[in-house]
Amino acid sequence: MSVQIQQSQRIDTMDIIRGFAIIGIFIVNFPEMVGSGVLFYDTAFGSDAIVRWLYDLFIQTKFYTIFAFLFGAGFHLFMKSAEKRGLSAKKLMSRRLFLLFVVGVAHVVLFWIGDILNTYAMAGLLLLLFYNRSSKTLIVWSLVMLSMFNGLLVLTAFMPSDPSIDVSILLPHVPNMSERIDFFLTLGLPNSLLMLLDIVSCALIGIFAARNGWLQPSVEQRKNIQRVQWSALILTGLLFIPMVQAFIANPTAYQPSDVTLYTQLTGKALAVVYVCAMLRLVARYGAKPFQGLSALGRMAFTNYLLQTIITMGVLHFIWKDAGEAPLWMGAIFALVVVSLQMIVSRWWLRRYNMGPLEWLWRAGTYGRFSPLRRVSHFGKETGQSSTESSSS
């Protein structure tokens, strides 16, 4: 028997999906942080070939797509919440995005070149142009941008390469600070501008979903969600065929670049499958069984940056040859870290209204500090509503 999703559970659903996404993001980010990812090697051998292929099938591009979708949904909820309180929604959002961009650039400079926060910040500025547009406009522009992005990938794939340039590796080693700055200015920012097409296209669908109640689905919408999920699953299976063929052709020396387009396309199709599955699970069982994911997602900003800090700390002080370890060991490390983050996040949120970085981000957005610690009245803890927490 299905459980009716109430308003608070709607926000829980977003946090649950966000928590699910951050797990997949960390699994694929870890090799890029320590020096064993596709930025360092264009070919994976042995067991790494199998793991990298599985990454491309089920994780690579899938989870940042989900994050972009949720970014759009959160954007819509924030703007609506600000308007209902009589505040200048665009001004607050612009300030919020500026702070996100600053944190993203600091993330690149101080820790890791693979930061995505600065790209989301730029994407948010573009979303301001679409906030009050019709649902039809959102869908049309999403499809246009997605087509442009994948069209550019196709053109890139068929462009003749310069034989004098060694493209077997993009980075010879984990870059230091000066190399990270140089990478960001020469390749990172141009890549972010290209990724805007992809991120914004997914975020527009997020706005559409939040606006039309898909994150709080009615019985009829749940039936539509099931249909969408099955359609996306069939499409994913068809797109998997060339990826399977590429792996079978050389299972001991897998080249991810051979299937980049299909990795991107399955990233959209399988992301739809994942999101629909999570929506249906929460609709059926309620949010309670997913409290760990919900806590992880409510503190996604804090946990995302902590994943980098933890990894870099381990790389420099404990596991210095992590880049030489097989990919499956990195996956285990990532799962251990996110499992601990779930535990710590639940502990933290029993005592505080939001994560520490979420609290600072909110303070910078509104120009004032809101209460962080939960206040106990008559033995019960009270804090800000879950609706306000997710939308702001």
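Here the structure is shown first, and the text comes after it.
Computed from a predicted model, the values in this text were never measured in an experiment.

Undergrad: Can you explain the overall build of the protein? Please cite residues and give values.
TA: Regarding its fold elements, the protein presents 14 helices and four strands. Of all 392 residues assigned to the protein, the portion counted as buried reaches 51%. Long-range pairs, those at least 24 residues apart, make up 80% of the contacts in the protein between residues at least 6 apart in sequence. Of the roughly 18700 Å² that the protein leaves accessible, carbon and sulfur atoms contribute 68%.

Undergrad: Give a detailed account of the pattern of salt bridges, specifying residues and quantitative values.
TA: What the rule picks out here adds up to two salt bridges. Between R18 and D15 there is a salt bridge, and its shortest N-O distance comes to 2.7 Å. Taken together, the residues R18 and D15, both in helix α1 (residues 7-34) and three residues apart, mark about one turn of the helix. The same class applies to R18 as to D15, namely buried.

Undergrad: Quick rundown of helix α10 (residues 291-298)? Include the residues and the values.
TA: By the criterion of burial, α10 is predominantly enclosed, with six of the eight residues buried. Listing the buried residues of α10 in full gives G292, L293, S294, A295, L296 and G297.

Undergrad: Tell me about the packing of helix α2 (residues 47-58) against helix α8 (residues 219-249), and name the residues and values.
TA: The packing of two helices is summarised by the inter-axis angle and the distance between the axes. Across the interface, α2 lies against α8 with an axial gap of 11 Å and an inter-helix angle of 170°. Between α2 and α8, the interaxial angle falls into the category roughly antiparallel. Between α2 and α8, the residues in contact are A49, I50, W53, D56, L57 and F58 and F240, M243, V244 and F247, respectively. Partitioned by chemical class, the residues of the contact of α2 with α8 number nine nonpolar, no polar and one charged.

Undergrad: Could you give an account of the side chain of T311, with specific residues and numbers?
TA: Summarising the element assignment, T311 is placed in helix α11 (residues 300-317). Apart from residues no more than four positions distant in its own chain, T311 is found in contact with F26, F30, M33, V34 and F333.

Undergrad: Go over unusual backbone geometry with me, naming the residues and quoting the values.
TA: Of note in the backbone geometry, T61 takes a positive phi value of approximately 70° without being a glycine. The topology assignment puts T61 in the loop between α2 and α3 (62-84).

Undergrad: Let's hear about the packing of aromatic side chains: which residues, and what values?
TA: Counted by the stated rule, this structure contains 19 aromatic pairs. A network of ring pairs unites the aromatic residues F26, F30, W319 and F333 as a single cluster. In this arrangement the basic side chain of R96 is found over the ring face of W361, its NZ or CZ atom lying 3.7 Å from the centre.

Undergrad: Give me the environment of L239: which residues, what numbers.
TA: Here L239 lies in helix α8. Relative accessible area serves as the criterion here: at 15%, L239 is assigned to the buried category. Spatially, the C-alpha atoms of L239 and T263 are 8.6 Å apart, while their sequence positions differ by 24 residues. Once residues lying within four places of it in the same chain are set aside, the contact partners of L239 are Y262, L265, T266 and A269.

Undergrad: Please provide a residue-by-residue account of a positive patch on the surface, values included.
TA: On the surface, a cluster of positive charge is contributed by R346, R350, R351 and R373. Mapping R346 onto the fold places it in helix α12 (residues 327-349). On the accessibility criterion, R346 (35% relative accessible area) is partly exposed.

Undergrad: How would you summarise the packing of helix α4 (residues 89-110) against helix α7 (residues 177-211) if you had to cite specific residues and measurements?
TA: At a closest axis distance of 7 Å, the pairing of α4 and α7 adopts a crossing angle of 130°. Comparing their axes, α7 and α4 come out oblique. Contact with α4, carried on its side by V105, V108, V109 and L110, involves M177, R180, I181 and F184 of α7 and no other residues of that element. Looking at side-chain class alone, the contact of α4 with α7 contains seven nonpolar, no polar and one charged residues.

Conventions and cut-offs
- Residues numbered from 1 in each chain as written.
- Predicted model: local features only at pLDDT ≥ 70, side-chain atom pairs only at ≥ 80, totals over all residues.
- Heavy atoms only, no water.
- Helix = DSSP H or I, 4+ residues; strand = E, 2+ residues; numbered from the N terminus.
- Buried < 20%, exposed > 50% of the residue type's maximum accessible area, 1.4 Å probe, protein only.
- Contact = heavy atoms within 4.5 Å.
- Areas by Shrake-Rupley, 256 points an atom, 1.4 Å probe, with all protein chains shown as cover.
- Salt bridge = Lys/Arg side-chain N within 4 Å of Asp/Glu carboxyl O.
- Axes fitted to C-alpha atoms, helices over the stretch in contact; angles between N-to-C directions.
- Parallel < 35°, antiparallel > 145°, perpendicular 65-115°, else oblique.
- Nonpolar A, V, L, I, M, F, W, Y, C, P; charged D, E, K, R; others polar.
- Phe/Tyr/Trp six-rings, centres within 6.5 Å; stacked < 30°, edge-to-face > 60°.
- Lys NZ or Arg CZ within 6 Å of the ring centre and 35° of its normal.
- Patch = residues over 30% accessible without salt bridge, like charges linked within 9 Å, V, L, I, M, F, W, Y side chains within 5 Å.
- Lys, Arg positive; Asp, Glu negative; His and termini not counted.
- Charge placed at Lys NZ, Arg CZ, Asp CG, Glu CD.

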